[in-house]
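Notes for the structure review
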Amino acid sequence: MFVTDDIRYIGVNDHQVDLFEGQYDVPNGMAYNSYVILDEKIAVMDTVDIHFKDEWLSNLEKVLEGKTPSYLIVQHMEPDHAGNILNFLKAYPEVTVVGNAKTFTMMEQFFDLPEGMNRLVVKKSGETLCLGKHTLTFVFAPMVHWPEVMVTYDSADKVLFSADGFGKFGANDVEEEWDCEARRYYIGIVGKFGMQVQKLLKEASALDIAAICPLHGPVLKEDLGHYIGLYDTWSSYKPEDKGVVIAYTSVYGNTKAAALLLEEELKARGCEAVSVHDLARMDMAEAVEDAFRYDRLVLATTTYNADIFPFMKEFIHHLTERNYQNRTVGFIENGTWAPQAAKVMKGMLEGSKNLTYLENTVTVKSALKEDTRAAIAAMADELCAK
Ligand code: FEO
């Protein structure tokens, strides 16, 4: 596939992966992107997952038409991209591998590198490499998503090779909306590192960019302001949309009944959006994504072992480790004796910045009754007044 006249796509689609990075459901598979820049000197931009060695090397061979690459540029050492470095070196032993000091440290940890492997170490962010017509500038992007990550700008074709940035879940041979699976990918995988993404966006804003070539998902060529705008929102931890997320766990259905009643009350009041997640049964990453997407969140769970139900604990942990902030939060707790889930949940969020708590906390004792139904209606009133 042509990205530009000189830049070709040689990536692969993975429909076999059960859990991406060992934890994420990817119902539409995953793409591992790789590119070739054809010039006087030819550069290959990253490899792909080890399971796709033959397909990727064959894609590469077709594009090379008998020529030999000069450089393998390693922007990211995570195995979904770096898995075929040794296989590539076996096929093209004369190539020079380009990375920074951290890249090569990781490469040595992952592999037994061939003796005498040619290396070009990028010492400083902003260093360039001339291929002929194309000059590449390497910009260090530590923690977007690992410390060695660098992105690459080609000034000839105005292409930004963005590593994991602007990637998404889903293979490239499946048609689906970008925003939803890019958001779940971003929040899940890069969400903790908003500050580093902001820094990278600032550097990228000085560049004239005609296309973004990420390591996952489609090449982005149109409406780049839309994608960059979303990245700015996500990485600055601002809510993207108005709406209420209700995340609940329920042992016997009574906390679920409270959550569903709140959903009904919110819809009756014309709330902009209501998104309900059963944390034990639904994809936790979808719930985390929605918690970051919307401006209000209600957590509903039972008191359990003088603590809270395990799936809720895990969920709140996912939020806090990704710097959840700048939102309104309410609590519904359930307990047959000594209910204390609201206190525990609030305690888990105490390090989170700029959270506003609802005045109405609902305490259900075992099952909904007239008073708790009224308390949920009051909570809905408060959420809709915000
Ligand atoms: Fe797509 Fe961080 O690897």
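Scroll up a little and you will see the structure.
No experiment lies behind these values; they were computed from the predicted model shown.

What counts and what doesn't
Residue numbers here run from 1 along each chain, matching the order of that chain's written sequence. Predicted model: local features are reported for residues with pLDDT of at least 70 only, side-chain atom pairs are reported and counted for 80 or more only, and whole-chain, interface and lining totals are derived from all residues. Excluded from the side-chain calculations are hydrogens and water; all other atoms, namely the structure's heavy atoms, are used. When DSSP locates at least two bridges between a pair of strands, those strands are taken to pair. Strands are runs of DSSP state E lasting at least two residues, helices are runs of H or I lasting at least four, and both sets are numbered from the N terminus onward. Between N-to-C directions, angles span 0 to 180 degrees; the directions come from axes that are lines fitted to C-alpha atoms, helices contributing only their stretch in contact. Whenever Lys or Arg places a side-chain nitrogen within 4 Å of a carboxyl oxygen from Asp or Glu, that contact is recorded as a salt bridge. We call a residue buried when its accessible area falls under 20% of the maximum for its residue type, exposed when it is over 50%, and partly exposed in between, using a 1.4 Å probe and counting protein chains only. An angle below 35 degrees is treated as roughly parallel, one above 145 as roughly antiparallel, one from 65 to 115 as roughly perpendicular, and anything else as oblique. Contact between two residues is taken to exist if any of their heavy atoms lie within 4.5 Å; hydrogens are not considered. All amino acids are sorted into three groups, where Ala, Val, Leu, Ile, Met, Phe, Trp, Tyr, Cys and Pro are nonpolar, Asp, Glu, Lys and Arg are charged, and the leftover types, Gly among them, are polar. Each polar contact in these results corresponds to two N or O atoms within 3.5 Å; when the atoms are within protein, one needs to be able to donate a hydrogen and the other to accept it, and residues that are neighboring in sequence are counted only if both atoms are side-chain atoms. The rule is simple: put a 1 Å grid over the protein atoms alone, call a set of points where a 1.4 Å probe fits but cannot get out a cavity, call an open set with protein on both sides within 12 Å along at least five of seven lines a pocket, and count a residue as lining if it has an atom within 4 Å of a point. Grid points are joined across faces, edges and corners, and a volume is the space filled by probe spheres set on the points.

Concerning the sheet that holds strand β15 (residues 211-213)
The strand order across the open sheet built from 5 strands is β11-β12-β13-β14-β15, with neighbouring strands paired in mixed fashion. In this open sheet, the two strands that pair with only one neighbour each are β11 (128-130) and β15. Each adjacent strand pair in this sheet contributes to an overall mean axis angle of 20 degrees, direction not counted. Pairing analysis gives 3 bridges linking strand β14 (residues 159-161) to β15, with the strands arranged parallel. If you follow valine 159 over to β15, its bridge partner there is alanine 211.

Some words on the pattern of salt bridges
Scanning the entire structure with this criterion turns up 21 salt bridges. Measuring nitrogen to oxygen at the nearest pair gives 3.5 Å for the salt bridge that ties lysine 199 to glutamate 203. Taken together, the residues lysine 199 and glutamate 203, both in helix α6 (residues 194-204) and 4 residues apart, mark about one turn of the helix. Of the residues examined, glutamate 203 reaches a relative accessible area of 32% and is grouped as partly exposed. A salt bridge links aspartate 278 to arginine 281; its shortest N-O distance comes to 3.0 Å. Taking relative accessible area as the criterion, aspartate 278 reaches 7% and is therefore assigned buried. Judged by its relative accessible area of 65%, arginine 281 is exposed. Several salt bridges converge on common partners, so that one network encompasses Glu181, Arg184, Asp283 and Glu286.

A closer look at the packing of helix α5 (residues 178-190) against helix α9 (residues 284-293)
Axis separation between α5 and α9 bottoms out at 9 Å; the angle between their running directions is 95 degrees. By the angle between their directions, the pair α5 and α9 is classed as roughly perpendicular. Packed against α5, whose contacting residues are Cys180, Glu181, Arg183, Arg184 and Ile187, the element α9 presents Ala285, Glu286, Val288, Glu289, Phe292 and Arg293 at the interface. Of the residues in the contact of α5 with α9, the class split is 5 nonpolar, no polar and 6 charged.

Regarding the sheet that holds strand β8 (residues 71-73)
Reading across from one edge, β1-β6-β7-β8-β9-β10 is the order of the 6 strands in this open sheet, with mixed pairing throughout. In this open sheet, the two strands that pair with only one neighbour each are β1 (7-9) and β10 (118-122). Averaged over all neighbouring strand pairs, the angle between strand axes comes to 25 degrees, with direction disregarded. Pairing of β8 with strand β9 (residues 96-100) involves 3 bridges; the strand directions are parallel. The partner of tyrosine 71 across the bridge, within β9, is threonine 96. Helix α4 (residues 101-110) rests against β9 and β10 of the sheet, and its axis sits at about 115 degrees to β9.

Remarks on the side chain of arginine 296
Note that arginine 296 resides in strand β18 (residues 294-304). Polar contacts involving the side chain of arginine 296 include one to the side chain of aspartate 295, which spans 3.0 Å.

Describing the layout of surface pockets
Volume-wise, the largest pocket comes out at about 340 Å³. Surrounding the largest pocket, 17 residues form its lining, Thr302, Thr303, Gly335, Thr336 and Trp337 being those nearest its centre. Elements with a minimum of two residues in the lining of the largest pocket: α8 (254-268) and β18. In terms of residues, the lining of the largest pocket owes the most to one element, β18, which gives 3 residues. Residues belonging to the lining of the largest pocket are distributed by class as follows: 6 nonpolar, 11 polar and no charged.

Shape is all these values report; function is a separate question.
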